[in-house]
Amino acid sequence: MRALQVTSHGRPGDVLAVRTIERPEPGRGEVRVKVAAASLNFNDIDRCRGKLVSVPTPPPFTLGMDVCGVVDQVGPGAESWLGKRVVAITKTALGGIAEYALAEAVSVFDAPETFDDAEATAFVLTFQTSHLALFRRGRLRAGETLVVHSAASGLGTAGIQLGKAAGARVIAVAGGPEKVALCASLGADIVVDHTTEDFVDAVLAATADVGADVVYDLAGGDFVARSWQCTAREGRYLAVGFADDDANGMTGRPLRMACIGNIDVVGVMVAWVDSIDPGMRRFGFNPFGRDVADEIHDDLLRLAAEGKIRPVVGRRVGMEDAGRALDEHEERRSVGRTVVEIDSHPPRP
């Protein structure tokens, strides 16, 4: 099969190549998906550069965390998924940008019927993460003020839509006129262009100096401490991933500024696991299980069926163009989700 592989560590556009490799076989509790589409993630950039210290992966390996397609083969214990159109988070969050990919059954879900394959793969991680962050971890309620950073990204656009669907007042923070316009079109009540305006001043002005009840921070870096300055007393600051942030990744951050604000600093990560490896648990890995995943996915399917949410697909590319697309992600020149559409029958030379 054809697969997009990291051939060495470096800039995505330089190290990604489409190669022919062996088709994987599912083991116990696993499914194999005939992939129609796979999303690109900021996490993929760190994978290319070899920066993810928690999951070291020597090249060559196949990139791709989340996919949409049809299950064509299953291992023992996963028989109920055979033949179904699904969205899935891939095994070890790798291998998705290929004609076939493996996923553990705990991370496989029914694909939304109202979305095409590109929209469905753009939906699964962005909306599951945003739902977990805003509602279970952030306890967002109707009438509260929500700030969404990186608001024109895949997760940010999901956060805006979920916040509005829940009856929150949404302040979107994005960079540049195109991204500002996208956030406004999704229903954000206020949009702040952080390249021309101080978002701290804007949030405090919009809340009469009270601050935001929930801050959904997908940016990290210098946004962290500044976000704490405009979080309401007993507000919830959501730290979500920060995979590409050297200052906040695995190196820690002083918490004194959170103390003086009497705010909650809340960690968020999506990885559905029913049995945690003891070594990973001692590293600090402590994800939710399938019970929570099902609650979230069922609610998202309801919202999708009601037309209240829809993933933003900013760009659709083929495997050969994925490296350049990731370079543009790193340069913050993308909006919404970039999706790789998998052509299982490429033209022969």
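Residues numbered from 1 in each chain as written. Predicted model: local features only at pLDDT ≥ 70, side-chain atom pairs only at ≥ 80, totals over all residues. Heavy atoms only, no water.

Peer 1: How would you explain the packing of aromatic side chains if you had to name every residue and give the values?
Peer 2: Applying the stated rule across the entire model yields four aromatic pairs. Through a chain of ring-to-ring contacts, three or more aromatic side chains come together here, namely Phe115, Phe123 and Phe127. Between the NZ or CZ atom of Lys84 and the centre of the ring of Trp81, over which it lies, the distance is 5.3 Å. In this structure, Arg226 packs its charged tip against the face of Phe223, placed 5.8 Å from the ring centre. (Phe/Tyr/Trp six-rings, centres within 6.5 Å; stacked < 30°, edge-to-face > 60°. Lys NZ or Arg CZ within 6 Å of the ring centre and 35° of its normal.)

Peer 1: Before we move on, could you go through the nonpolar core and cite the residues and values that matter?
Peer 2: Leu134, Leu146, Tyr216, Leu238, Trp272 and Ile309 are the most contacted members of the largest nonpolar core, which has 51 residues in total. Examining the composition of this core, we find that eight residues originate from one element, helix 3 (residues 117–137), more than from any other. In contact with Tyr216, other than residues within four places in its own chain, are Thr129, Ser130, Ala133, Leu134, Leu146, Val147, Val148, His149, Leu155, Gly159, Leu238 and Val240. Residues Ile45, Leu94, Val108 and Leu326 belong to the second largest nonpolar core, which totals 32 residues. (Core = buried A, V, L, I, M, F, W, Y, C linked by side-chain atoms within 4.5 Å. Buried < 20%, exposed > 50% of the residue type's maximum accessible area, 1.4 Å probe, protein only. Helix = DSSP H or I, 4+ residues; strand = E, 2+ residues; numbered from the N terminus. Contact = heavy atoms within 4.5 Å.)

Peer 1: So what's going on with the sheet that holds strand 2 (residues 16–20)? Which residues, and what values?
Peer 2: Reading across from one edge, 2-1-4 is the order of the three strands in this open sheet, with antiparallel pairing throughout. The open sheet terminates on both sides in strands that have one partner only, identified here as strand 2 and strand 4 (61–62). Bridge count for strand 1 (residues 2–6) against strand 4 is two bridges, and the pairing is antiparallel. From the neighbouring strand, Val6 faces strand 4, where its bridge partner is Phe61. (Pairing = 2+ DSSP bridges.)

Peer 1: How would you explain the pattern of salt bridges if you had to name every residue and give the values?
Peer 2: Under the criterion given, the structure shown has 25 salt bridges. Of the charged contacts, one joins Lys164 and Asp189 as a salt bridge, the two residues approaching to 2.9 Å between their closest N and O atoms. Remark: Asp189 occurs in the loop between helix 5 (177–185) and strand 11 (190–193) and Lys164 occurs in helix 4 (residues 154–165); sequence separation between them is 25 residues. Here Arg315 makes a salt bridge to Glu328, at a shortest N to O gap of 2.7 Å. (Salt bridge = Lys/Arg side-chain N within 4 Å of Asp/Glu carboxyl O.)

Peer 1: Lay out a negative patch on the surface with the relevant residues and their values.
Peer 2: A cluster of like negative charges, contributed by Asp110, Glu113, Asp274, Asp291, Glu295 and Asp298, occupies part of the molecular surface. Element by element, the count of residues in the negative patch is highest for helix 10 (residues 290–305), at three residues. (Patch = residues over 30% accessible without salt bridge, like charges linked within 9 Å, V, L, I, M, F, W, Y side chains within 5 Å. Areas by Shrake-Rupley, 256 points an atom, 1.4 Å probe, with all protein chains shown as cover. Lys, Arg positive; Asp, Glu negative; His and termini not counted. Charge placed at Lys NZ, Arg CZ, Asp CG, Glu CD.)

Peer 1: Describe the packing of helix 3 against helix 4, naming the residues involved and giving the relevant values.
Peer 2: With their axes 9 Å apart at the nearest point, helix 3 and helix 4 run at an angle of 50° to one another. Taken together, the axes of helix 3 and helix 4 are oblique relative to one another. Our pair here, helix 3 against helix 4, has a crossing hand that is right-handed. Residues Thr126, Phe127, Thr129, Ser130, His131, Leu134 and Phe135 of helix 3 form the contact with helix 4, whose own contacting residues are Gly154, Leu155, Ala158, Gly159, Gln161, Leu162 and Gly163. When grouped by side-chain class, the residues that make up the contact of helix 3 with helix 4 number six nonpolar, eight polar and no charged. (Axes fitted to C-alpha atoms, helices over the stretch in contact; angles between N-to-C directions. Parallel < 35°, antiparallel > 145°, perpendicular 65-115°, else oblique. Left-handed = near helix turned anticlockwise from the far one by under 90°. Nonpolar A, V, L, I, M, F, W, Y, C, P; charged D, E, K, R; others polar.)

Peer 1: Which residues make up the pairing of strand 11, and what are the values?
Peer 2: Note: strand 10 (residues 169–174) against strand 11, four bridges, orientation parallel. The residue of strand 11 that forms the bridge with Ala172 is Val191. In this region the chain leaves strand 10, passes through helix 5 and returns to the parallel neighbour strand 11; the handedness of that crossover is right-handed. (Right-handed = clockwise from strand over helix to strand, strands pointing away.)

Peer 1: I'd like a description of helix 3, backed by residues and values.
Peer 2: In a regular helix each residue adds 1.5 Å, so 21 residues correspond to 30 Å; helix 3 covers 29 Å between its end C-alpha atoms and thus fits that length. Of all the bends in helix 3, the greatest, near 35°, is centred on Phe123. Taking burial as the measure, the 21 residues of helix 3 include 17 buried ones, the bulk of the element. With a side-chain oxygen positioned 3.2 Å from the backbone nitrogen of Ala118, the residue opening helix 3 is Asp116. (Expected span 1.5 Å × (residues − 1). Bend = angle between axes of the 7 residues up to and from the residue. Polar contact = N/O pair within 3.5 Å; in protein donor to acceptor, adjacent residues only side chain to side chain.)

Peer 1: Go over the side chain of Thr126, please, and point to the residues and values.
Peer 2: Locating Thr126 in the fold gives a position in helix 3. Among the polar contacts made by the side chain of Thr126, one reaches the main-chain carbonyl oxygen of Ala122 at a distance of 2.6 Å. At 3.2 Å, the side chain of Thr126 forms a polar contact with the backbone oxygen of Phe123. Residues contacting Thr126, with those up to four places away along its chain left out, are Gly154, Leu155, Ala158 and Arg337.

Peer 1: Hey, could you go over the sheet that holds strand 12 (residues 212–217) for me, with residue numbers and the actual values?
Peer 2: Taking strand neighbours across the sheet as the criterion, the six strands line up as 11-10-9-12-13-14 in an open arrangement whose pairing is parallel. Both outer strands of the open sheet, strand 11 and strand 14 (264–268), are each paired with one neighbouring strand and no more. For this sheet the average axis-to-axis angle between neighbouring strands, irrespective of direction, equals 20°. Contacts from helix 4 reach strand 9 (145–148), strand 10, strand 12 and strand 13 (231–240) within the one sheet, and its direction differs from that of strand 9 by about 170°. In the packing of helix 5 onto the sheet, contacts are made with strand 10 and strand 11, and the angle to strand 11 comes to roughly 170°.

Peer 1: An account of the environment of Val124 is needed here, citing residue identities and associated values.
Peer 2: By secondary structure assignment, the location of Val124 is in helix 3. Residue class for Val124 comes out buried when judged on its relative accessible area of 0%.

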